[in-house]
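Structural characterization, general
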Amino acid sequence: MKNLSELEQTLRKNTLLSFEEYAAIREPAYNIIINDYATKLMKKAKDEGVEITREEAEEIARKEIPTNYVPEWMTNLRISANIAGTTLCYLEGLKSSLERIEDLLRVVHEEDIDAYIDRHANDLRRDNKTE
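Residues numbered from 1 in each chain as written. Predicted model: local features only at pLDDT ≥ 70, side-chain atom pairs only at ≥ 80, totals over all residues. Heavy atoms only, no water.

Further remarks concern the overall build of the protein chain. A tally of helices and strands in the protein chain yields 6 helices and 0 strands. Each helix and strand of the protein chain, placed in order from N terminus to C terminus, yields the pattern α-α-α-α-α-α. For the protein chain, with 131 residues in total, the buried portion stands at 11%. When contacts within the protein chain are restricted to residue pairs at least 6 apart in sequence, long-range pairs at least 24 apart make up 39% of them. For the protein chain, the exposed surface amounts to about 11600 Å²; the carbon and sulfur share of it is 55%. (Helix = DSSP H or I, 4+ residues; strand = E, 2+ residues; numbered from the N terminus. Buried < 20%, exposed > 50% of the residue type's maximum accessible area, 1.4 Å probe, protein only. Contact = heavy atoms within 4.5 Å. Areas by Shrake-Rupley, 256 points an atom, 1.4 Å probe, with all protein chains shown as cover.)

Here the focus is the nonpolar core. Of all hydrophobic cores here, the largest spans 7 residues; its members are Ile33, Ile34, Ala38, Leu41, Ala57, Ala61 and Ile65. Of all the secondary structure elements, the ones that give two or more residues to this core are α3 (29-47) and α4 (54-64). Leave out the neighbours within four places in its chain, and Leu41 touches Ile52, Ala57, Ile60, Ala61 and Glu64. (Core = buried A, V, L, I, M, F, W, Y, C linked by side-chain atoms within 4.5 Å.)

Moving on, we get to α4. Residues of α4 that are buried: Ala57, Glu58 and Ala61. Down the axis of α4, the smallest arc covering the buried residues is 100°, so these residues share one side. Among the exposed residues of α4, those oriented more than 90 degrees off its buried face are Glu55 and Lys63. (Arc of directions from axis to C-beta.)

Attention shifts here to the pattern of salt bridges. Summed over all chains, the structure comprises 4 salt bridges. Where Asp36 meets Lys40, a salt bridge forms, and the shortest distance between an N and an O atom there is 3.1 Å. Of this pair, Asp36 and Lys40 both sit in helix α3, separated by 4 residues, roughly a single helical turn. Glu58 is the salt-bridge partner of Arg54, the closest N and O atoms lying 3.3 Å from each other. Placement of both Arg54 and Glu58 in helix α4 is noted, with a separation of 4 residues, approximately one turn of the helix. A relative accessible area of 30% places Arg54 in the partly exposed class. Owing to a relative accessible area of 19%, Glu58 belongs among the buried residues under this scheme. (Salt bridge = Lys/Arg side-chain N within 4 Å of Asp/Glu carboxyl O.)

The next point concerns the confidence of the model for the protein chain. Per-residue pLDDT for the protein chain has a mean of 78; in total, 69% of the residues score no lower than 70. The least confident element of the protein chain is helix α2 (residues 19-25), whose mean pLDDT is 66; the most confident is α4, at 91. (pLDDT = per-residue confidence, 0-100.)

Pasting the structure below:
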């Protein structure tokens, strides 16, 4: 990801799916590994002036990837996902802390605090509708 808008798009992707719908589209980890390896094989072949199809690259990947290596790759994928999730949580925490500091600084630097409160009284209004 290169910027925050890409991060937000990633966060929103598939958020409205039910658990069953999400489970149906999830790729098993070994497919991710095969796809990654096949993509790298295709790029390497193209750099060498040889064209191979996606299916050929996937077949080569299935033959070349040692079985005992796959669990380590899966572990690395999980570790990377955990690191990304932890980073996202920390960034969200930093963002909310900075927003609270920003609000405090607005009040501190306001000449007339009572006028500021009157102007912003509706900013935090709660919806008291009963259902």
